[in-house]
Amino acid sequence: LFLLYYDHIAKLRLARKDRKETLVAYEESARDVQRAIDIDPKSPVYRSNLGYAHWGMANMHGEDGHSAQAESSFETSVRLLRESIQMDPKNPSRWNELHNVYRDGWAPLMAKLEKAEDALRLYRQGLDAIGHAVDLDPKNAAFHRGASLSHYRIGRLLQDQGQLSPAAEEYSRSQKAL
């Protein structure tokens, strides 16, 4: 049921602009995958799915202006994804999932809240994660694109702060990551 709530019901409710019920769908997806974890606590996939459910909740909280709740949900998401990695450290997809939460969720929220230093720290943590994915699967173009995008976003943040030389270095790293 996790995928039903996470991939379909939440997205349908969001398309209908029903934010409250979208959050409920993410919460329900978390409850369903938690039941799976209770049955099979050693499954890295279930931990990853629970991390993604919390990421969905974090995004909703952040978009609705509930930054403390968003940060708490992001912390939970990252903790769960790190647990997934501990269970399956040689799986590059696990590392990429962690990177995605940092790059596409938590760091942008911090940037939006004008917490540039926090955003930079989180983007860099994401780069560390995607670096592991690239090391494990160096031919995976998606991982290289992910690293490139993270470097680009760091460059944009630095440029917005007037740090032009460091921004240029990040843009160069973005090109080299491809």
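Rules used throughout
- Residues numbered from 1 in each chain as written.
- Predicted model: local features only at pLDDT ≥ 70, side-chain atom pairs only at ≥ 80, totals over all residues.
- Heavy atoms only, no water.
- Helix = DSSP H or I, 4+ residues; strand = E, 2+ residues; numbered from the N terminus.
- Buried < 20%, exposed > 50% of the residue type's maximum accessible area, 1.4 Å probe, protein only.
- Contact = heavy atoms within 4.5 Å.
- Polar contact = N/O pair within 3.5 Å; in protein donor to acceptor, adjacent residues only side chain to side chain.
- Phe/Tyr/Trp six-rings, centres within 6.5 Å; stacked < 30°, edge-to-face > 60°.

Asker: Can you walk me through the side chain of His151 in this structure?
Answerer: Relative to the helices and strands, His151 resides in helix α7 (residues 141-160). Classification of His151 by relative accessible area gives buried; the value is 14%. Among residues more than four places away in sequence, those in contact with His151 are Leu127, Glu170, Arg173, Ser174 and Ala177.

Asker: Is there a simple way to think about the side chain of Thr22 in this case?
Answerer: Relative to the assigned elements, Thr22 resides in helix α2 (residues 19-39). For Thr22, a relative accessible area of 0% gives the class buried. Polar side-chain contacts of Thr22 include one of 2.7 Å to the backbone oxygen of Asp18. In this structure, Thr22 is in contact with Ala10, Arg13, Leu14 and Met60, ignoring residues within four places of it in sequence.

Asker: I would appreciate a short explanation of unusual backbone geometry in the present structure.
Answerer: Positive phi, normally seen in glycine, also occurs at Lys17, with a value near 65 degrees. The residue Glu114 is not glycine, and still its phi comes out positive at about 60 degrees. Mapped onto the fold, Glu114 is located in the loop between α5 (92-112) and α6 (116-136). Given a relative accessible area of 73%, Glu114 falls into the exposed group.

Asker: When you look at the packing of aromatic side chains in this model, what are you seeing that I'm missing?
Answerer: Here a ring pair, both rings aromatic, is described through the centre-centre distance and the interplanar angle of the planes. Across all of its chains, the model carries seven aromatic pairs by this definition. Between Phe74 and Trp106, the aromatic rings sit 5.8 Å apart at their centres with planes inclined by 10 degrees, giving stacked as the arrangement. Taken together, the positions of Phe74 in helix α4 (residues 67-87) and Trp106 in helix α5 put the pair 32 residues apart, joining distant regions of the chain. Across this residue pair, the class does not change: Phe74 and Trp106 are buried. On the numbers, 6.3 Å between centres and 5 degrees between planes, the contact of Tyr102 with Trp106 is stacked.

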